[in-house]
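# Secondary and tertiary structure notes
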Amino acid sequence: MAPLATSDRSEPVLSIVAAVLNEAENIRPVCAELAEAARALPPCEIIFVDDGSTDGTVEALVAARTDGILPDLRILSHDRRLGKSAAVRTGVEAARGQWIATLDGDGQDDPMEIVRMFELAQKAQGPAPLVVGVRLRRQDTLSRRLATRFANGLRRRLLRDGCPDTGAPLKLFRRADFLRLPQFEGVHRFLPALFGHYGTPLLCQPVRHRNRLHGSSKYTNFNRALVGFRDLLGVIWLINRTRLPRRVTER
């Protein structure tokens, strides 16, 4: 796949989307790292989607833009909490780039990994891939690591998606490919299986995972497991019921 080019540097090739909920303390350092990463990327835009935060997340985002850390930062806000998948969808729909990179806003993801992931995608042969940043050394509690390992193993066994870390926040894909997928809360945990069903190849890139800067996760292991298993059954049904042509011809 040939590298993308753009004739107008105001038109982004890549849109970086971060969905956030009550991450006020983490916004400034994450924005500073994104600004650094953007210098090593093709023309890009950065979009934060606030999913109904009740702290000062939006104010921190506005300050990061006003203070010049990310002067062109785009800030989108939901009027109420809808979930991470809905927030990612909002960001992707609003994006102007052909490519989308997603990451969390808690500081555990290193934005510089997006540079390597984008380079990997541009070197790929054939259809544009989904690139997943696989976290090799999770910086989470032992209980969360064990719960994630179990969930990933179950998903991989039942969905055969070929991805060891399907729920990884760091992902890169074409915007048009993502918008073909069905929308439901939790879809972000099943993107390798769904992209694969729609013919998008998977590439896995090992990435560095870090401790959360401030605050704590918005999910417990129990509610992740309960909702995740229900969603897994739904995705299996959805894949089995989705019929796609191998090719389409026009006469």
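The present account deals with the structure reproduced in this document.

The rules we used
Each chain carries its own residue numbering, running from 1 in the written order of its sequence. With pLDDT at 70 or above as the cut-off, local features in this predicted model cover only qualifying residues; side-chain atom pairs require 80 or more to be listed or tallied, and sums for whole chains, interfaces and linings still use all residues. Excluding hydrogens and water, the side-chain figures rest on all heavy atoms present in the structure. One speaks of a salt bridge when a side-chain nitrogen belonging to Lys or Arg is within 4 Å of a carboxyl oxygen belonging to Asp or Glu. Helix and strand assignments follow DSSP, with helices taken as H or I runs no shorter than four residues and strands as E runs no shorter than two, numbered in order from the N terminus. Burial here depends on accessible area, computed with a 1.4 Å probe over protein chains only, as a share of the maximum for the residue type. Under 20% is buried, over 50% is exposed, and the range in between is partly exposed. Joining through side-chain atoms within 4.5 Å is the link that ties buried Ala, Val, Leu, Ile, Met, Phe, Trp, Tyr and Cys residues into a set, and such a set is a nonpolar core. The contact rule is simple, with two residues in contact once any of their heavy atoms fall within 4.5 Å. We call a pair of cysteine sulfur atoms a disulfide whenever their separation is within 2.5 Å.

The next thing to look at is the pattern of salt bridges. Under the criterion given, the structure shown has 13 salt bridges. Asp-104 serves as the salt-bridge partner of Lys-84, at 2.7 Å between the closest nitrogen and oxygen. You can see Lys-84 sitting in helix 3 (residues 84–94) and its partner Asp-104 sitting in strand 4 (residues 99–104), a full 20 residues away along the chain. Where Asp-177 meets Arg-174, a salt bridge forms, and the shortest distance between an N and an O atom there is 3.0 Å. Classification of Asp-177 by relative accessible area gives buried; the value is 9%. Within the structure, one salt-bridge network assembled from shared partners comprises Glu-11, Glu-45, Arg-74 and Arg-96.

Counting residues in hydrophobic clusters, the biggest one holds 32 residues, and the most contacted among them are Leu-14, Ile-16, Phe-48 and Leu-172. Elements supplying a minimum of two residues to this core: strand 1 (14–20), helix 1 (24–38), strand 2 (44–50), helix 2 (57–66), strand 4 and helix 4 (113–123). Look past the residues within four positions of Phe-48 in its chain and what remains in contact with it is Ala-18, Val-20, Ile-27, Val-30, Cys-31, Leu-34, Leu-61, Leu-73, Arg-74, Ile-75 and Leu-76. Listed in part, the 29 residues of the second largest apolar core include Val-17, Leu-181, Phe-190 and Val-235.

Here we come to the side chain of Arg-89. Structurally, Arg-89 can be placed in helix 3. Residue Arg-89 is classed as buried on the basis of its relative accessible area of 15%. With residues up to four places along the chain from it excluded, the contact list for Arg-89 reads Phe-178, Leu-179, Leu-181 and Gln-183.

Moving on: the state of the cysteines. One pass over the full model with this rule turns up zero disulfides. Distance from the sulfur of Cys-163, which forms no disulfide, to the nearest cysteine sulfur (Cys-204) is 4.3 Å. Taking relative accessible area as the criterion, Cys-163 reaches 1% and is therefore assigned buried.

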